[in-house]
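Here are the chains, one letter per residue:
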Amino acid sequence: MSDFESYLSHCLDTLEHSRVHEAMQYSLMAGGKRIRPRLLLAVLRAYGFEETIGYPVAAAIEMIHTYSLIHDDLPAMDNDTLRRGRPTCHVKFGEDVAILAGDALLTQAFYTAAACTCRAEVLVEILKLLSEFSGADGMILGQIKDLEGEANPGIDHAGLQDIHYYKTGRLLSLPLVCAALLAGHREDAAVWERIGADTGLSFQIQDDILDVTSTVEELGKNINSDAENEKTTYVTLMGVEAAREEADRYYRRALAQLDALPLDAAPVRELFDQLMKRKN
């Protein structure tokens, strides 16, 4: 991933210098697991393509993810002070600049994705997917469902699944579907979307578990924040051990669907294994 990381580090170079630019670069390059770019690049390798063709779209998705974290951390949302082991964007630059930096990363994502050298009709489809999966029918829908869920102490298992299908699953499905389009395998897109949904649910359950079992040093962010916010999670509904079993079930279901696709699944399977064993 070092080549992609270098590519990402220069994606904002053409922007005029400003406090917003500083905040964008600070948050984008604060580290993190780069899971969404890694998923896109792993699928390209699985189809036998060079990773570099996916760099603009992978960078765009990482910008969208970063903007969502900046806004999630704001006082009006989760009010978090630590992200990836560093002060959150609004703590470092102020709430006003952080809001603008998030807005700017979202819009810059489309500019960045437009640099993709794929066929024009594929690029148009990818740009539509970036909007659909991250917008009011995607991640944003999950976020408002999550906010409304915080005010509903009676939320059940199905309600929690619905929240995280959108809030987490859509942005994990996005790189998988985009990679299939870049590789010329549009017919596989629906399968990748289901794989992403299952991966997203497994990933979110892991997050809920880590929030109560990990440390600030391991996670790079504050722990026990869900409990402090009296938030319903898979752990509060099921307990840690049952939640682990649930995460594993979604993981196995994603792998079973992966095996049905006409590709060398090894790069994707290896990444999935790393995700299941993650500590942060």
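Preceding this paragraph is the structure being described.
Values in this document were obtained by computation on a predicted structure and should not be read as measured data.

The rules behind each value
Residues numbered from 1 in each chain as written. Predicted model: local features only at pLDDT ≥ 70, side-chain atom pairs only at ≥ 80, totals over all residues. Heavy atoms only, no water. Helix = DSSP H or I, 4+ residues; strand = E, 2+ residues; numbered from the N terminus. Rg over C-alpha atoms; globule rule 2.2 N^0.38 Å. Buried < 20%, exposed > 50% of the residue type's maximum accessible area, 1.4 Å probe, protein only. Contact = heavy atoms within 4.5 Å. Areas by Shrake-Rupley, 256 points an atom, 1.4 Å probe, with all protein chains shown as cover. Lys, Arg positive; Asp, Glu negative; His and termini not counted. Charge placed at Lys NZ, Arg CZ, Asp CG, Glu CD. Axes fitted to C-alpha atoms, helices over the stretch in contact; angles between N-to-C directions. Parallel < 35°, antiparallel > 145°, perpendicular 65-115°, else oblique. Left-handed = near helix turned anticlockwise from the far one by under 90°. Nonpolar A, V, L, I, M, F, W, Y, C, P; charged D, E, K, R; others polar.

Novice: Looking at this structure, how should I read the overall build of the protein chain?
Specialist: The number of helices and strands found in the protein chain is 15 helices and two strands. A compact globule built from 280 residues should have a C-alpha radius of gyration of about 19 Å, and the protein chain, at 18 Å, falls within 12% of that. By its C-alpha atoms, the protein chain is 50 × 50 × 30 Å across when sized along the principal axes. With 280 residues in all, the protein chain has 52% of them scored as buried. Across the protein chain, every contact between residues at least 6 apart in sequence was considered, and the portion connecting residues at least 24 apart equals 73%. About 12200 Å² of surface is accessible on the protein chain, with carbon and sulfur atoms providing 53% of the total. Side-chain charges of the protein chain comprise 27 positive and 44 negative groups, with the mean position of each set lying 3 Å from the other.

Novice: Help me understand the packing of helix H3 (residues 35-46) against helix H9 (residues 157-182), please; the structure alone is not making it clear to me.
Specialist: Between two packed helices, what matters for the description is the angle formed by their axes and the separation of those axes. Following both chains from N to C, one finds H3 and H9 inclined at 30°, their axes separated by 8 Å at the closest point. Classified by the angle their axes make, H3 and H9 are roughly parallel. Crossing of H3 over H9 shows right-handed handedness. Contacts between H3 and H9 involve Ile-35, Arg-36, Leu-39, Leu-40, Val-43 and Leu-44 on the former and, on the latter, Leu-171, Leu-172, Pro-175, Leu-176, Cys-178, Ala-179, Ala-180 and Leu-182. Considered class by class, the residues forming the contact of H3 with H9 number 13 nonpolar, no polar and one charged.

Novice: How should I be thinking about unusual backbone geometry in this particular structure?
Specialist: What you tend to see is this: most non-glycine residues have negative phi, and most peptide bonds are trans. Even without a glycine there, the phi angle at Asn-79 is positive, about 55°. Residue position: Asn-79 is located in the loop between helix H4 (55-72) and strand S1 (82-83). Asn-79 gets classed as partly exposed once you look at its relative accessible area, which sits at 46%. Positive phi values are uncommon outside glycine, yet Arg-84 reaches one of about 55°. Take Arg-84: it is sitting in the loop between S1 and strand S2 (86-87).

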